[in-house]
Every structure is written in C-alpha cells, then in structure tokens.
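Chains, contacts and geometry: an overview
The primary structure of each chain is shown beneath.
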Amino acid sequence: MTAVDLTNPIFTDPDAARAHFEAIRWPGGAYCPYCGQFDTVKPLGGKSMGPGWYHCKDCRRKFTAAVGSIYERSHIPMTKWLLATHLMCASKKGVSTHQLHRMLGLPYKTAWFMAHRIREGMRELNPPPTGGEGKTIEIDETYVGGKEKNKHRSKRHSGVGGVAKEIAFALVERGGKARSFHIADVSGKTLRPILTAQIDDASAVVSDDGGRALGACSRLHQSVNHSIGEYVRGEAHTNTIEGYFSIMKRGIVRVYHHVSAQHLKRYLAEFDFRYNERSALNVTMPSGPSRPSPQWLASG
Ligand SMILES: [Zn+2]
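On a predicted model such as this, the values are computed, not experimentally measured, just so you know. (Residues numbered from 1 in each chain as written. Predicted model: local features only at pLDDT ≥ 70, side-chain atom pairs only at ≥ 80, totals over all residues. Heavy atoms only, no water.)

What follows is about the coordination of the zinc ion. Distances from the zinc ion to its protein donors, Cys 32 (SG), Cys 35 (SG), Cys 56 (SG) and Cys 59 (SG), fall at 2.3 Å. Around the zinc ion, the 4 donor atoms sit at angles spanning 102 to 124°, and that spread fits a shape best called tetrahedral. Along the chain, the residues donating to the zinc ion are arranged with the sequence spacing C-x2-C-x20-C-x2-C. Here Cys 35, found in the loop between α1 (14-25) and β1 (41-43), pairs with Cys 59, found in the loop between β2 (54-56) and β3 (61-63); they are 24 residues apart in sequence, far enough to count as distant. (Donors = N, O, S within 2.8 Å, 3.2 Å for Na, K, Ca; no water. Tetrahedral: all angles 85-135°; square planar, octahedral: opposite > 155°, others 65-115°. Helix = DSSP H or I, 4+ residues; strand = E, 2+ residues; numbered from the N terminus.)

A few words now on the sheet that holds β3. Read from one edge to the other, the open sheet built from 3 strands follows the order β1-β2-β3, with strand pairing classed as antiparallel. Of all the strands in the sheet, the pair left with one neighbour each is β1 and β3. Each adjacent strand pair in this sheet contributes to an overall mean axis angle of 25°, direction not counted. Bridge analysis of β1 against β2 gives 3 bridges, and the strand direction is antiparallel. Each bridged residue has a counterpart across the sheet, and for Val 41 the counterpart in β2 is Cys 56. (Pairing = 2+ DSSP bridges. Axes fitted to C-alpha atoms, helices over the stretch in contact; angles between N-to-C directions.)

Another aspect to go through is unusual backbone geometry. In this model, Arg 60 sits at a positive phi of 60°, which is unusual for a non-glycine residue. Within the secondary structure, Arg 60 sits in the loop between β2 and β3. Notably, Arg 73 is not glycine yet its phi reads approximately 50°, a positive angle. If you trace the backbone, Arg 73 turns up in the loop between β3 and α3 (78-90). By relative accessible area, Arg 73 is classed as exposed at 76%. (Buried < 20%, exposed > 50% of the residue type's maximum accessible area, 1.4 Å probe, protein only.)

Okay, the packing of aromatic side chains next. Summed over the entire model, instances satisfying the criterion amount to 11 aromatic pairs. Judged by centre distance (5.4 Å) and plane angle (50°), the rings of Tyr 31 and Phe 38 are tilted. Residue classification places Phe 38 among the partly exposed positions, given a relative accessible area of 41%. Over the ring of Tyr 34 we find Arg 61; its NZ or CZ atom is 3.7 Å from the centre of that ring. Taking the ring centre of Phe 271 as reference, the NZ or CZ of Arg 274 above it sits at 5.0 Å. (Phe/Tyr/Trp six-rings, centres within 6.5 Å; stacked < 30°, edge-to-face > 60°. Lys NZ or Arg CZ within 6 Å of the ring centre and 35° of its normal.)

Attention shifts here to the pairing of strand β6 (residues 178-183). One ladder, built from 6 bridges, connects strand β5 (residues 165-173) with β6; its direction is antiparallel. Its bridge partner lying in β6, Val 172 is registered against Ala 178. Linking β5 to β6, which pair antiparallel, is a turn of 4 residues; within it Gly 175 sits at a positive phi near 75°.

With respect to topology, 4 strands assemble into an open sheet ordered β6-β5-β4-β7, the strand pairing being mixed. If you trace the sheet from one side to the other, it starts and ends with β6 and β7 (204-206), each paired once. Going from strand to strand, the sheet's axes swing by 25° on average, the running direction of each strand aside. Packed onto the sheet, helix α6 (residues 188-198) meets β4 (136-145), β5 and β6 and runs at close to 160° relative to β6. Sheet contacts for helix α10 (residues 264-276): β4, β5 and β6; angle to β6, the most-contacted strand, approximately 170°. (Contact = heavy atoms within 4.5 Å.)

Counting residues in each nonpolar core, the largest one holds 38 residues, and the members touching the most others are Phe 63 and Leu 100. Mapped onto this core, the elements with two or more residues apiece are α1, β2, α3, α4 (97-104) and α5 (108-122). The biggest single contributor to this core is α3, with 9 residues. Beyond its immediate stretch of four places on either side in the chain, Phe 63 contacts Trp 26, Tyr 31, Cys 32, Pro 33, Tyr 34, Val 41, Gly 52, Trp 53, Tyr 54, His 55 and Cys 56. Formed by 18 residues, the second largest nonpolar core is a distinct cluster that contains Val 172, Phe 245, Val 255 and Leu 268. (Core = buried A, V, L, I, M, F, W, Y, C linked by side-chain atoms within 4.5 Å.)

This is the structure in structure tokens:
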C-alpha cells in the first residue's frame, strides 16, 4: 500500500521520534516559539518535565518542538503521530480511519481525531495566485457522492441524476500544483471570487467544452477563448485535471466510502497536498529531516 518503512525507529522509539521531529521543525537549531530567539534557548534537564523540553531565558517560557505545530497539546505519542502522518502522505489514494486505527493500535476515535488534525495541517492557507505568463491552468468541477440519509432533511436535495452530490471545483496547473474547493454551486457568483483570487491573470486557462465553470465567469471565459485560439489543438485539453479527479474519486470511493459534506474540504486538502508534494514524498519517505517541508507541520 505504501512506501512507509514500518521498521524505522521513529515509529517505535520515543527518542528517535522526537529527534526526527525536532530536525524537521528546527533545521537551524532549537528556537523559542514565543519570542523567536535562538541564543537564549537551552534544553531542560529531563528529570521533572521529561525529555524534549526547552527553556527560553529571555521570555522565561518552556516549550517543546510540538508547540505551534499540529501535534501541540496532544497526549498521543510522537511515534504514533509520525506513523499516522507518514501513512497518510505515502498512500496515493489515502488511508481510511479504520486502517489507521488498526495500524496505530489506538482507539478509532483517536485515529479519527488524528486524521483530521493531519488534514488540517495539509491545508495551505491563503496561497498566492497560481500560474502566470506561459503557464496553463486547467479548471473543472466534479461531483462527489454523499449519502442523503445522513443529512438533515432540510439539507437534502436531488442533485445530479437523482443522487445527491457535493461539488468539488479544482484548478490544476500543468506540471504544477492543484487546488480544490468545496462549492455550493457552479454559478459565476460562487466561482468568480475563487478564480480571481487563485489564478494569476497572465495564465492561460483551459476547461473542457462542457465546463460550466468557465461559462459562469465572463472575464475568464474571454481569456480562455483567447488562449485556446493561440494554442495548437493538442494543447487545449484537460487531461491533467481529469487525471487528478480520477485519483481523488478513486480515493474517496474506495478508501473513505463516502465523505460527509461537513468534512469534504479537509479531504480535498489532503488530496491536493499529496498531489502537490508527490515528488518530495516519493523520494524521501519516510526519513530525511528536510522532507516533508516544515510549513505544513505548522498549525493554523
Ligand atoms: Zn523566548
């Protein structure tokens, strides 16, 4: 299923786990998460607090490497956090909460909590517009199943083909990254702010012929026609985003069975993250202190 080496001591030995996490979190050495100082930080003796605690002489606060990360204020051992994180990152289609629960040897509810924390950490906050001069962005929407009987009566609707579906809208840069959004409808009112905030104006934007997303947004529609006109026929395709949606949908159907509307945006963040970090994750999993990149370990 995955490329995770389960014999790696970071998954069983608390000291190895802590050292691994500190190396990712503090590549330049320990610093104070409260005042940002390096020089005033000293490790505390392990006796009273337990190992992994540091003290800052400047602001007189104590902390571990987990402060400010998605692992902060958790009683779950770091070995388990690292294993859960690596399993979720390394599996192309994702890992179900039941699998995590069995593999971690932790209660189902704990595994569920951990999975959502990790997904939250995968979400990129306020990223700058993607694309630019000479870049092509493919955009499209897809429908993700949700079970009607699990919804409140007032929230049920007939959806597409009589089956209620949630709408995921995505933009994927060719040779670059994917961004997905859970949207209520494909109206221009819904899509325009997303397209404006997420896509650099200089990008060429492509959608398939039936793409309601494009038709809904007049400004981009024009730029799309223009872009397609400039391109040879072979460039005006949406193979990239179709490939992306197929991975996402297989993951959601086979691993998660169904995803509740409430949590869809977190699952989309998980698929975006794995797609966007695919080369880093494949090359260096599970060890290598510089990968995965530290920013996603930060909470927010
Ligand atoms: Zn400090």
